[in-house]
Amino acid sequence: MKDLKENRPGPSESDHRVNTGISRGAEIELIVDGQPIRAYEGETVAAAILATGRRALRTTSETGEMRGLYCGIGICFDCVMIIDDIPNVRTCQTFVENGMVVESQKGEGKWSVKT
Amino acid sequence: MERKNIKDFQDIVIIGGGPAGITAAIEAARAGVQCTLIDEAPRIGGQVCRQKPKNFEATQKENSNAEQVRGQKLLDEFNEIAEPVQVLSSTSVLNLQKNKEVLWASDRASGIIRAKQIIIATGAYERPVPFPGWTLPGVMTVGGAKSFIKTMLVKPGQRAVISGTGPLIVSTANRLHEIGVEVLAVLEAGTPPWSSKSFLKEWETADFAREIADDLRELKQNKIPLLFNHAVFEAHGENEVTGITYGPVDADEWIPLNGQAKKIAADFVAVGFGFIPNTELTQIAGCQHDFDPGIGWVVERDKLMQTSVPGILAAGDGAGISGAIIAEEEGRIAGIKAAENIQAIPAKEAKNRYDRPLGRIHSFEKFRRALNEASAIRSGLLQLIQSETLVCRCEEVAFSEVNQALDSGVGDLQSLKLFTRLGMGPCQGRNCAPSMGMYMCHTLNRPPEEVGHINPRPPIKPVTLGALAKMVNEKETIESDSFDAINKEDIL
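This is a predicted model, so every value here is computed, not measured.

1. Re the interface of chain B and chain A
And step 1. On the side of chain A, 40 residues touch chain B, which itself brings 42 residues to the contact.
And step 2. Top contributing element to the side of chain B that touches chain A by residue count: helix H3 (residues 142–152) of chain B, with five residues.
And step 3. Of the residues assigned to the side of chain B that touches chain A, the class counts are 20 nonpolar, twelve polar and ten charged.
And step 4. Relative to strand E4 (residues 57–58) of chain B, strand E1 (residues 22–23) of chain A runs antiparallel, the two sharing two bridges. Following the sheet pairing, Ile22(A) is matched in E4(B) by Ala58(B).

2. As for the sheet that holds strand E14 (residues 230–236) of chain B
For sheets, the rule is that strands pair by backbone hydrogen bonds, running either parallel or antiparallel.
Residue and element names in this part refer to chain B.
And step 1. Across the sheet, three strands lie side by side as E14-E15-E16; this open sheet has antiparallel pairing. Unpaired on one side and paired on the other, E14 and strand E16 (262–265) mark the two borders of the sheet. Taking the axes of each pair of neighbouring strands and ignoring which way they run, one obtains an average angle of 30° across the sheet.

3. Examining helix H9 (residues 347–375) of chain B
And step 1. In the structure, H9(B) departs most strongly from a straight axis at Glu365(B), where the bend amounts to approximately 45°.
And step 2. Those residues of H9(B) that fall on the buried side of the exposure criterion are Ala350(B), Arg353(B), Tyr354(B), Pro357(B), Phe364(B), Phe367(B), Leu371(B), Ala374(B) and Ser375(B).

4. Thoughts on the nonpolar core
Residues and elements named next belong to chain B.
And step 1. The biggest cluster of nonpolar side chains holds 185 residues, and the ones touching the most others in it are Ala-25, Ile-119, Val-232, Val-269 and Ala-315.
And step 2. The dominant element in this core, judged by the number of residues it contributes, is helix H8 (residues 324–341), at nine residues.
And step 3. In this structure Ala-25 touches Ile-14, Cys-35, Leu-37, Phe-78, Ala-82, Val-85 and Gly-335, once residues within four positions along its chain are discounted.

5. Remarks on the environment of Val271(B)
All names here are of chain B.
And step 1. Mapped onto the fold, Val-271 is located in strand E17 (residues 268–273).
And step 2. Along the sequence, Val-271 and Pro-128 sit 143 residues apart, while their C-alpha atoms lie 8.5 Å from each other.
And step 3. What Val-271 contacts, discounting residues up to four positions off in sequence, is Val-129, Val-139, Thr-141, Val-142, Ser-163, Gly-164 and Val-232.

6. Some thoughts on unusual backbone geometry
Residue and element names in this part refer to chain B.
And step 1. At the junction of Pro-458 and Pro-459, the peptide bond is cis and its omega measures out at -5° in the coordinates.
And step 2. In this structure, Pro-459 sits in the loop between helix H13 (448–451) and helix H14 (465–469).
And step 3. One non-glycine residue, Leu-153, lies in positive phi territory at about 50°.
And step 4. With respect to the element layout, Leu-153 can be found in the loop between H3 and strand E11 (159–165).
And step 5. The class of Leu-153 is buried, set by 22 C-beta atoms lying within 10 Å.
And step 6. In this structure, Arg-421 is a non-glycine residue whose phi angle is positive, near 75°.
And step 7. Here Arg-421 shows up in the loop between helix H11 (413–420) and helix H12 (433–444).

7. Looking at the environment of Gly331(B)
And step 1. Locating Gly331(B) in the fold gives a position in helix H8.
And step 2. In this structure, the C-alpha to C-alpha distance between Gly331(B) and Leu304(B), residues 27 residues apart in sequence, is 9.9 Å.

8. What to know about the sheet that holds strand E7 (residues 86–90) of chain A
Residue and element names in this part refer to chain A.
And step 1. On the basis of which strands lie adjacent, the open sheet formed by five strands has the order E3-E2-E8-E6-E7 and mixed pairing. Of all strands in the sheet, those bounded by a partner on one side alone are strand E3 (35–40) and E7. Across the sheet, the mean angle from the axis of one strand to that of its neighbour is 40°, orientation sign disregarded.
And step 2. Summarising the sheet, strand E6 (residues 80–83) and strand E8 (residues 101–103) pair through two bridges and their orientation is antiparallel. Considered in E8, the bridge of Ile-82 is made with Glu-103.

9. Notes on the pairing of E7(A)
Consecutive residues of a regular strand have side chains that alternate between opposite faces of the sheet.
Residues and elements named next belong to chain A.
And step 1. By the bridge criterion, three bridges tie E6 to E7 in an arrangement that is antiparallel. Across the sheet, Ile-83 pairs through a bridge with Ile-86, a residue of E7.
And step 2. Two successive antiparallel strands, E6 and E7, enclose a turn made up of two residues, where Asp-84 displays a positive phi of approximately 45°.

Calculation criteria
- Residues numbered from 1 in each chain as written.
- Chains lettered and ligands numbered in written order.
- Predicted model: local features only at pLDDT ≥ 70, side-chain atom pairs only at ≥ 80, totals over all residues.
- Contact = placed C-beta atoms within 7 Å.
- Helix = DSSP H or I, 4+ residues; strand = E, 2+ residues; numbered from the N terminus.
- Nonpolar A, V, L, I, M, F, W, Y, C, P; charged D, E, K, R; others polar.
- Pairing = 2+ DSSP bridges.
- Axes fitted to C-alpha atoms, helices over the stretch in contact; angles between N-to-C directions.
- Bend = angle between axes of the 7 residues up to and from the residue.
- Buried ≥ 20, exposed ≤ 12 C-beta atoms within 10 Å, placed from the backbone.
- Core = buried A, V, L, I, M, F, W, Y, C linked by C-beta atoms within 7 Å.

Below you can see the structure in the form of structure tokens.
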């Protein structure tokens, strides 16, 4: 299986947002695979991650190949990640929240059960 | 965030908040009935009128095209008239149960609404066309790419190639160019009439044709080459797209002419070969469907949008591919007819109200038919698929496994599913059944009625047990925008 961590944005990440003619919501921070990334209220998790230049979001359970944003409308389930301990969350349909913890999903993903 | 109670009983439940669902809700509200509009997206609008997030504001006047103007007009009308409509956003419908019970679920809660009439306006999704590398990050559907860049204003890549058929590939190329993505080429598999001057001249008074002409003009200004009878053959890359192979296809069947293929560096591919209606709910409801060779399975309706099941109406692209302008008119008719069916308005008044939208639909019919015929998928593209190409993205079923199943005597899609797991994943066969259905018809020489379809099964969208266990009724309040108020701890 490929290591998704290799795809993490480095500290000198470029920003793929378009900044002319638009003002976004408040700047917030997400933790993606342990690293803080910048995001703006109103963005989807997928948009905030793609804005760092990263496009592989998870690996599949059989072949371990990487997948990213594909249909963008919530149908294909290729963009799923683990968000705040819940796996299989569609990042194209989920808005960012400050302090949200997002992890690359490997295969089926793991649930963390709180006791 | 405001809190509200979700009503258990409604006169009309509308499923889908795109152009058809919005106009259906407007007409239902105008008729004074109790109505709920359920939409999967965080904000209504559908794919075509997709809105920017609430927190985003344009700081300079946007250069809006006809499509955006139309979308805004629709949302303005909705906001003005449909205030009494109960809108459930970020909410999926999982099942239509007997006696018109609509089972809905959000991230963290679920419930049942009992309806007298149901209008299904679930829209369409893009026809998946498998090719080597189509699962790589950096390959997106054209519509998905367009709505992503329009709402999020994030570049999904730097050097793009667009491949597919129909006017949407042209407008998507322009939107990518606008945000600073270098668009290397637009590859149109057909030689469509919509690109010819005489066709556009004939239809210049129609909104459709005007938008297409504007987009073609803009493409030219942007100096983006538009190649007819061309398609992407393969996307290359280890972890994401780094290059593509493209080339010409034959004009009749779109068979790839591999000898003339070229490889170029590109990191983004948007692919769109027309649309397929979302028929899961009309199928589950037991409505009759017909096979349209250019589209696929389409629900049967009378001209007032009524399906074969009394009290269930269907409007917009979920019931046949006609685009947003027709969808608006169909939604109006469905909303008016549903209101008439429950005696909220007399038949004569209903007729007064739906005559105009009916006339509009009629006037565009010939144009739409020409467009649909030009954009109908051709079987030659199936030759792009290699034995190791994953034809089912979810369950990772390779084309070779499909062929093995066919060799063992599998002759219909439902058996193929049981044999290979194709279609068993979370997308429920939406991304594999159309291409493999076509392949089976073609290879086995069987009609589509025999190859059939993958039967939708509730829940038609994945849902957590937690959300299902957290069934709410109208006595309980939940947050109206999303359902975050319900503690996560509740479901763990």
